[in-house]
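Working through the structure, step by step
One letter stands for each residue in the lines below.
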Amino acid sequence: MMSKSNAVALPVIDFALLQGDEAERQQIHTQLSKAAREVGFFYLTNHGIDSQLLAVVQQVSRAFFALPQAEKLSVQMAQSPHFRGYNLEGSEITRSQPDYREQFDIGAERPALPLTAGTPAWARLQGPNQWPQALPELQQVLTEWQQAMTAMALELLRAFADALHLPHNAFDNLYGALPNEHVKLIRYPGRPDNGSRQGVGAHKDSGFLTFLLQDDQPGLQVEVAPDRWVDATPLPGAFVVNIGELLELATNGYLRATVHRVVSPPADRQRLSVAFFLGAELGAVVPVYQLPDSLARLAQGPASDPLNPLLRDVGWNYLKGRLRSHPDVAQRFYADYLRDTASV
Ligand SMILES: O=C(O)CCC(=O)C(=O)O
Ligand SMILES: [Fe+2]
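This report concerns the structure included in the present document. Since we're looking at a predicted model, the values are computed, not measured. (Residues numbered from 1 in each chain as written. Chains lettered and ligands numbered in written order. Predicted model: local features only at pLDDT ≥ 70, side-chain atom pairs only at ≥ 80, totals over all residues.)

Digging into the overall build of the protein
- On a plain count of helices and strands, the protein comes out with 10 helices and 14 strands.
- Its C-alpha atoms give the protein a radius of gyration of 19 Å, within 12% of the compact-globule value 20 Å for 344 residues.
- If you line up the protein on its principal axes, its C-alpha atoms span 55 × 50 × 40 Å.
- Counting across all 344 residues of the protein, residues that qualify as buried make up 39%. (Helix = DSSP H or I, 4+ residues; strand = E, 2+ residues; numbered from the N terminus. Rg over C-alpha atoms; globule rule 2.2 N^0.38 Å. Buried ≥ 20, exposed ≤ 12 C-beta atoms within 10 Å, placed from the backbone.)

Listed below in C-alpha cells is the structure:
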C-alpha cells in the first residue's frame, strides 16, 4: 500500500505483494518504480525478516556501543586496510565536516587478496572483519542478519528489474557471486542545539540499495527537492529503503539516488540505527541498461554532483567514498595510491 499520511511523508510499500497474484505483483512493481523514481526513498513493510532477529540485532548493537572504550578501540577501523571496525564520533568526514556518530562496520567475511604490483587499489577493500572479544555473540548475530538481508535485498533488486521491464535477473551479473554486503551499526549521541547538529552530513549512498533499521528516535531526513527536507520518521517493523548510486547509474537516472542526512538528537537523547548496504562485486562495471522507450523517455541521466562524480567501475567508486570518509585509513594504507593519483 502506498500512502501519504501525517505520520509518514514517504511511500510505504508492502513487500508481501510480491507473493500475491498477477494484479498484486503489478501493483508493487508500479509502486516501486514510482517511489524509486520520484523520491528515491520508501518504507518497506512485510519484508519477511524475522522480528525477533531484528530485536536481537538492535540489542547487540546497544551492547556493542555500551562496551568500555578500550574494547571498542581494540577493533578500531584505523588498523584495517579493508575499512572494517570501529570509529569514534567525529572521525568520519562528510562534506568536509566531521560526523558526530560512532559506528562499527563489517563487510563480507572474505580473505584479503594477495597484492602484487598490478593489483588495483580497490582490491584492498576485500578482507576479514574485526570482531571484539568482549562481545562474542556479535559475529554470529550480524552474520545471520547479513545473510538474511542479502537474500531479501536481492529479491527486491529482481523486483526492480521486473518493474523496469528488464529481464528478472538483469542485475545479477553486477552483484555477482561476491556481492558487497556492508553492515554498519551506528550511534548518534545527543548534542546541545547551540553548535553543529551534523550526525551524518548530506550524502548519497554508493551501492545498489540501502536498508535502515531505525530505533524510535527521529533524525533521518531526505532531500525530496532542492533544499526541501522531509523527516523519515521511524515506522516500527519497517525498513527505510533507499536507492544508491549504482542503480541511478544503471538506469541512466530513471531511479534516483537521493541525498539524505541525519540531524543529531537533542542533548538528553541518542539515536541508534543499523544500516545494510547492498553493493555490487568490486570488479564489476555498471552498464546502462536499455529501458523500454516509455521509461527511457523519463530518465534524466544520472545527476552530476561536482563534489561527487560517479564512476562506473564499482571498486573505484566504492574506494573513492571510503577514502573520503576515513582519512585515517587512507593515510595509513592508501598513501601510495593517493600519491600516484595526485601526480597524474
Ligand atoms: O542513520 C541512518 O539512519 C542513516 C545513515 C546513513 O545514511 C548512512 O550511513 O549512509
Ligand atoms: Fe546514507
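Overview of the sheet that holds strand 11 (residues 228-231)
- A sheet is described by the order of its strands in space; here four strands give the open sequence 8-13-10-11, paired in antiparallel fashion. Edge positions in the sheet fall to strand 8 (198-203) and strand 11, since each has one partner strand and no second. The average angle at which neighbouring strand axes cross in this sheet is 30 degrees, direction not considered. (Pairing = 2+ DSSP bridges. Axes fitted to C-alpha atoms, helices over the stretch in contact; angles between N-to-C directions.)

Regarding the site of ligand 1
- Neighbouring ligand 1 are the residues Lys184, Ile186, Val200, Asp205, Leu212, Gln214, Leu220, His260, Val262, Ser273 and Ala275.
- Sorting the residues of the shell around ligand 1 by element identifies strand 7 (180-189), strand 9 (209-214), strand 13 (260-263) and strand 14 (270-279) as the ones contributing at least two each.
- Here the shell around ligand 1 is built from residues that sort into six nonpolar, three polar and two charged. (Near = placed C-beta within 6 Å. Nonpolar A, V, L, I, M, F, W, Y, C, P; charged D, E, K, R; others polar.)

As for the pairing of strand 2 (residues 41-45)
- Burial within strand 2 is extensive, with four of its five residues counted as buried.
- Relative to strand 2, strand 1 (residues 12-14) runs parallel, the two being bridged by three bridges. Note on strand 2: the bridge partner recorded for Val12 is Tyr43.
- Note that the unit made of strand 1, helix 1 (residues 22-38) and strand 2 has a crossover that is right-handed.
- Of the strand pairs in this sheet, strand 2 and strand 12 (residues 239-243) are connected by four bridges, and their pairing is antiparallel. Its bridge partner lying in strand 12, Tyr43 is registered against Val240. (Right-handed = clockwise from strand over helix to strand, strands pointing away.)

Brief notes about the environment of Gln214
- Considering the arrangement of structural elements, one finds Gln214 in strand 9.
- Each C-alpha atom, one on Gln214 and one on Val274, is 6.6 Å from the other, the two residues being 60 residues apart in sequence.
- Setting aside anything within four residues of it in sequence, one finds Gln214 in contact with Leu220, Pro234, Val240 and Ser273. (Contact = placed C-beta atoms within 7 Å.)

Examining the sheet that holds strand 1
- In space, the eight strands of this open sheet follow the order 1-2-12-9-14-7-6-3, with mixed pairing throughout. Strands at the two margins of the open sheet, each flanked by one partner only, are strand 1 and strand 3 (85-87). Averaged over all neighbouring strand pairs, the angle between strand axes comes to 25 degrees, with direction disregarded.
- Along the sheet, helix 1 makes contact with strand 1, strand 2 and strand 12, crossing strand 1 at roughly 150 degrees.

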